[in-house]
Amino acid sequence: MTDTDIQENQRAESENIPPFAEAPVGAVLGTITAILSSIGTVWIGVLMLLIVADVLGRNLFNAPITGVAEIAGHSVVAIVFLQTAAAIMQGRLTRADFLFRRIARVRRGVAGVIESVFCLVGATVFALIALSSWGKTTNAWATGEFFGVQGVFTIPTFPFRAIIVGGAVLAALAALYRAINRTPLPESDAT
């Protein structure tokens, strides 16, 4: 999806956000979040192939792949944190917005303020997630924490925990960017 497509989608939702290229912070943040989201997408594909191989091995050859359940469980959380910041930057974070749309039709300025408050609350929540996860991440690094069954299958938890912290920090920054760079559409531009 191009910046133009995103802009048109956002105009339909009574908002106007500058394209990433027009804002230096947005360009850097948008690029980083897009790269991480792409990594998450590739990870989904690899995870699907791993699960299919495990199911085929289990059912056809009575030889399951060891550790698939553990890898899948930790991967889902990591993928979410890799892709959340991009969803925020693109205005695609899942939410129930039936009331917001009604307000936006009547009072665009009020809708802009509500959206900015929503983004600020989101930034606070993601900052708290990063802060609360930091201690566990440093502990996982220091102690060499792993998950799995020792002697059968183990994998370090640090990379997964680091993705959670990094993804939460980026999501908080993306939410702050959107809170600051949101401007309601003028009356003549609204549909």
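The text that follows walks through the structure, step by step, so that each part is easy to find. Everything quoted here is computed from the prediction, not taken from an experiment.

## Remarks on the layout of surface pockets
Line of reasoning, step 1. Quantified by volume, the largest pocket comes out at close to 250 Å³.
Line of reasoning, step 2. Taken together, 17 residues line the largest pocket, and the ones lying closest to its centre are Arg92, Leu93, Arg95, Glu115 and Phe118.
Line of reasoning, step 3. Every element with two or more residues in the lining of the largest pocket is listed here: helix H5 (108-143) and helix H6 (158-180).
Line of reasoning, step 4. For the lining of the largest pocket, the leading source of residues is H5, giving six residues.
Line of reasoning, step 5. Tallied by class, residues from the lining of the largest pocket come to seven nonpolar, three polar and seven charged.

## Some details on a nonpolar patch on the surface
Line of reasoning, step 1. Where nonpolar side chains cluster on the molecular surface, the patch consists of Leu120, Val169, Leu173, Leu176 and Ile180 and spans about 440 Å² of accessible area.
Line of reasoning, step 2. The greatest single-element share of the nonpolar patch, amounting to four residues, is contributed by H6.
Line of reasoning, step 3. Look at Leu176 and you get partly exposed, because its relative accessible area is 35%.

## Regarding the packing of aromatic side chains
Line of reasoning, step 1. In this structure the tally under the stated criterion is three aromatic pairs.
Line of reasoning, step 2. With centroids separated by 6.1 Å and ring planes inclined at 50°, the aromatic side chains of Trp43 and Phe160 adopt a geometry described as tilted. Here Phe160 lies in helix H6 and Trp43 lies in helix H2 (residues 24-60), a separation of 117 residues in the sequence.
Line of reasoning, step 3. Three or more aromatic residues link up through ring pairs in this structure, and these residues are Trp43, Phe147 and Phe160.

About the cut-offs
Residues numbered from 1 in each chain as written. Predicted model: local features only at pLDDT ≥ 70, side-chain atom pairs only at ≥ 80, totals over all residues. Heavy atoms only, no water. 1 Å grid on protein atoms, 1.4 Å probe; cavity = no way out; pocket = protein on both sides within 12 Å on 5 of 7 lines; lining within 4 Å. Points joined across faces, edges and corners; volume = space filled by probe spheres on them. Helix = DSSP H or I, 4+ residues; strand = E, 2+ residues; numbered from the N terminus. Nonpolar A, V, L, I, M, F, W, Y, C, P; charged D, E, K, R; others polar. Patch = residues over 30% accessible without salt bridge, like charges linked within 9 Å, V, L, I, M, F, W, Y side chains within 5 Å. Areas by Shrake-Rupley, 256 points an atom, 1.4 Å probe, with all protein chains shown as cover. Salt bridge = Lys/Arg side-chain N within 4 Å of Asp/Glu carboxyl O. Buried < 20%, exposed > 50% of the residue type's maximum accessible area, 1.4 Å probe, protein only. Phe/Tyr/Trp six-rings, centres within 6.5 Å; stacked < 30°, edge-to-face > 60°.

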